[in-house]
Amino acid sequence: MKRNLAILVSAVLSVSMLAGSSAVYAEGTPETENGTEKMKIAFIPQLIGIPYFTAMEIGGNAAAEDLGVEYLNVGSPTANAVEQVKIMDSLIRQGVDAVSISVLDTESINPYIDQAKEAGILAYTSDSDAPNSNREFFVCQAMSDDMGRTLIDELVKQTGEEAQIGFVSGESTASNLNAWIDAMKERVDEKYPNIEIVDVRYTTDGSTEDALKQTQEMMIKFPELRGVVGVATSVVPGLAQAVQQAGKAGEISVIGVASPNVVRPYIEAGVMKCSVLWNAVDLGYLTVWAAHHWITEGSFEAEFKLDAIDNTIQWIEDERTLLLGDPLVIDADNVDDFDF
């Protein structure tokens, strides 16, 4: 039965490859089998303490309850690749059954993915991939091409098809952010010849304050700037604040990858018209479910449904990717339908 999101948020904050087939999976029971110790499934987010990764944690906790597993959400308060490596090493030493990572830097984490697999631990990625690693699979929120297309198309609706735009991202090594930037560039090249991408900037640790500074500098350097894209959830408030403080709401359009609770005040203030994301609670649920199902069953079907998630989930075998679904445009019409 589909869980009520508001109840889930309140509760958390207060305390197989069979091509062409489809299936519906019911939720499991929270009991261990034969009195054995619960399966331990861990997730390392890019950082903790922001609404997006808190929503993923809510979904992960819900899946853990349904499946009778132990869920560990372990991260750093800053987007720091060195800290991710330390956490990964600690989880390997603890002997968890599965560990997933929202990867900040593929080069530094790849050897630890290998170490986890050598120790008999299921090692996979979620939210941000390490495609050149030996990870078992990637739990993908939305395809990069679809993210790039949606972000640019929604921005161009606001700026018009002849404008200067810029990007402000998180860490320069984050594979998901770089994939979205590449996809946005491709979308501009293929459809909008008179859109000029004048600048691509990166922030330290995905800092909101650094994003504010970077956007202010961009507006000064490019006085004809008409649109900015925040490529990480933590940087979007910095972009919106920079435009708002400059008194340029409506003159410079702001869009980005951000959760409903983050963008709601800026939509209400007229600084933003929309953001692009997905249901982060569902992504967290799928991340934990995927590990449990892989360990117990060893494969995914090509298409299937879960009781707790509305989307039809796809297994793209060639890419070893479990896809949650299409991007979600969050605007004034639906922003209040979500609470994360």
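Residues numbered from 1 in each chain as written. Predicted model: local features only at pLDDT ≥ 70, side-chain atom pairs only at ≥ 80, totals over all residues. Heavy atoms only, no water.

Give me the packing of aromatic side chains: which residues, what numbers.
Applying the stated rule across the entire model yields 14 aromatic pairs. An angle of 50° between the planes, with centres 6.2 Å apart, marks the rings of Trp294 and Trp315 as tilted. In this pair, Trp294 sits in helix H10 (residues 280-297) while Trp315 sits in strand S13 (residues 309-316), placing the two residues 21 residues apart along the sequence. A relative accessible area of 12% means that Trp294 is categorised as buried. Accessibility expressed as a relative area gives 6% for Trp315, which makes it buried. Taking the centre distance of 6.1 Å and the plane angle of 80° together, the rings of Phe338 and Phe340 count as edge-to-face. Like Phe340, Phe338 is buried. The structure contains a cluster of three or more aromatic residues connected by ring pairs, namely Tyr124, Phe137, Trp289, Trp294, Phe300, Phe304 and Trp315. (Phe/Tyr/Trp six-rings, centres within 6.5 Å; stacked < 30°, edge-to-face > 60°. Helix = DSSP H or I, 4+ residues; strand = E, 2+ residues; numbered from the N terminus. Buried < 20%, exposed > 50% of the residue type's maximum accessible area, 1.4 Å probe, protein only.)

Explain the packing of helix H7 (residues 208-221) against helix H8 (residues 236-245) to me, using residue names and the numbers behind them.
Helix packing geometry: the angle between the two helix axes and the distance between the axes. Relative orientation of the contacting elements H7 and H8 amounts to 45°, with a least axis distance of 7 Å. Relative to H8, the element H7 is oriented oblique. The handedness of the crossing between H7 and H8 is right-handed. Here H7 contributes Thr208, Ala211, Leu212, Thr215, Gln216 and Met219 to the contact with H8, which in turn contributes Pro237, Gly238, Leu239, Gln241, Ala242, Val243 and Gln245. (Axes fitted to C-alpha atoms, helices over the stretch in contact; angles between N-to-C directions. Parallel < 35°, antiparallel > 145°, perpendicular 65-115°, else oblique. Left-handed = near helix turned anticlockwise from the far one by under 90°. Contact = heavy atoms within 4.5 Å.)

Give a description of the side chain of Asn73 that names residues and reports values.
Along the chain, Asn73 falls in strand S3 (residues 70-73). Polar contacts involving the side chain of Asn73 include one to the side chain of Tyr71, which spans 3.0 Å. The residues contacting Asn73, other than those within four sequence positions of it, are Phe43, Pro45, Ile48 and Glu57. (Polar contact = N/O pair within 3.5 Å; in protein donor to acceptor, adjacent residues only side chain to side chain.)

Explain helix H9 (residues 260-268) to me, using residue names and the numbers behind them.
Within H9 the residues assigned to the buried category are Pro260, Val262, Val263, Arg264, Tyr266 and Ile267. Looking at the buried residues of H9, the elements they touch are helix H2 (51-67), H8, strand S11 (274-277) and strand S15 (328-331). Backbone geometry just downstream of H9 places Gly270 in the positive-phi region, at approximately 80°.

Explain a negative patch on the surface residue by residue, including any values.
A cluster of acidic side chains, namely Asp145, Asp182, Glu186 and Asp189, defines a negative patch on the protein surface. Position of Asp189 among the secondary structure elements: in helix H6 (residues 175-191). Residue classification places Asp189 among the exposed residues on the basis of a relative accessible area of 65%. (Patch = residues over 30% accessible without salt bridge, like charges linked within 9 Å, V, L, I, M, F, W, Y side chains within 5 Å. Areas by Shrake-Rupley, 256 points an atom, 1.4 Å probe, with all protein chains shown as cover. Salt bridge = Lys/Arg side-chain N within 4 Å of Asp/Glu carboxyl O. Lys, Arg positive; Asp, Glu negative; His and termini not counted. Charge placed at Lys NZ, Arg CZ, Asp CG, Glu CD.)

Which residues make up H8, and what values do they have?
Burial runs high along H8: seven of the 10 residues are buried. Burial in H8 covers these residues: Val236, Pro237, Gly238, Leu239, Ala240, Ala242 and Val243. In this structure, the buried residues of H8 make contact with strand S7 (163-169), H7, strand S9 (225-230), strand S10 (253-256) and H9. Backbone geometry just after H8 places Gly247 at a positive phi near 70°.

Outline the nonpolar core, listing residues and values.
Here is a general trend for soluble globular proteins: nonpolar side chains tend to be buried in one another's company. Among the nonpolar cores identified, the biggest contains 96 residues, and Tyr52, Phe137, Leu286, Trp289 and Phe300 are the most heavily contacted of them. At 10 residues, the largest contribution of residues to this core is made by H10. Ignoring any residue separated from it by four or fewer positions in sequence, one finds Phe137 in contact with Leu122, Tyr124, Thr125, Ala290, Trp294, Phe300, Trp315 and Arg320. If you look at the next biggest cluster of nonpolar residues, it comprises 18 residues, including Ile44, Val85, Met88 and Ile113. (Core = buried A, V, L, I, M, F, W, Y, C linked by side-chain atoms within 4.5 Å.)

Could you give an account of the pairing of S9, with specific residues and numbers?
Remember that side chains alternate between the two faces of the sheet whenever the strand is regular. Here S9 lies mainly inside the structure; five of its six residues are buried. Direction of pairing for S7 relative to S9: parallel, over a ladder of five bridges. Counted as the bridge partner of Gln164 is Leu225 from S9. Note: S9 against S10, four bridges, orientation parallel. Paired with Val228 across the two strands is Val254, which belongs to S10. (Pairing = 2+ DSSP bridges.)

So what's going on with unusual backbone geometry? Residues and values would help.
Phi at Asp127 takes a positive value of approximately 80°, unusual for a residue other than glycine. With a relative accessible area of 2%, Asp127 lands in the buried category. Even without glycine at this site, Asp205 takes up a positive phi of about 60°. Take Asp205: it is sitting in the loop between strand S8 (195-202) and H7. Judged by its relative accessible area of 25%, Asp205 falls in the partly exposed class.

Before we move on, can you summarise the environment of Ile113 with the specific residues and values?
You can see Ile113 is positioned in helix H4 (residues 106-118). Spatially, the C-alpha atom of Ile113 lies 9.8 Å from that of Val85, the residues being 28 residues apart in sequence. Apart from residues lying up to four places away in sequence, Ile113 is in contact with Met88, Ile101, Ala123, Ala130, Ser133, Asn134 and Arg135.

Describe the packing of H8 against H9, with residues and values.
Viewed as axis vectors pointing N to C, H8 and H9 meet at an angle of 10°, and their least axial separation amounts to 10 Å. Our classification of the angle between H8 and H9 gives roughly parallel. Between H8 and H9, the contacting residues are Val236, Pro237, Ala240, Gln241 and Gln244 on the first element and Val262, Val263 and Tyr266 on the second. Split by residue class, the contact of H8 with H9 holds six nonpolar, two polar and no charged. (Nonpolar A, V, L, I, M, F, W, Y, C, P; charged D, E, K, R; others polar.)

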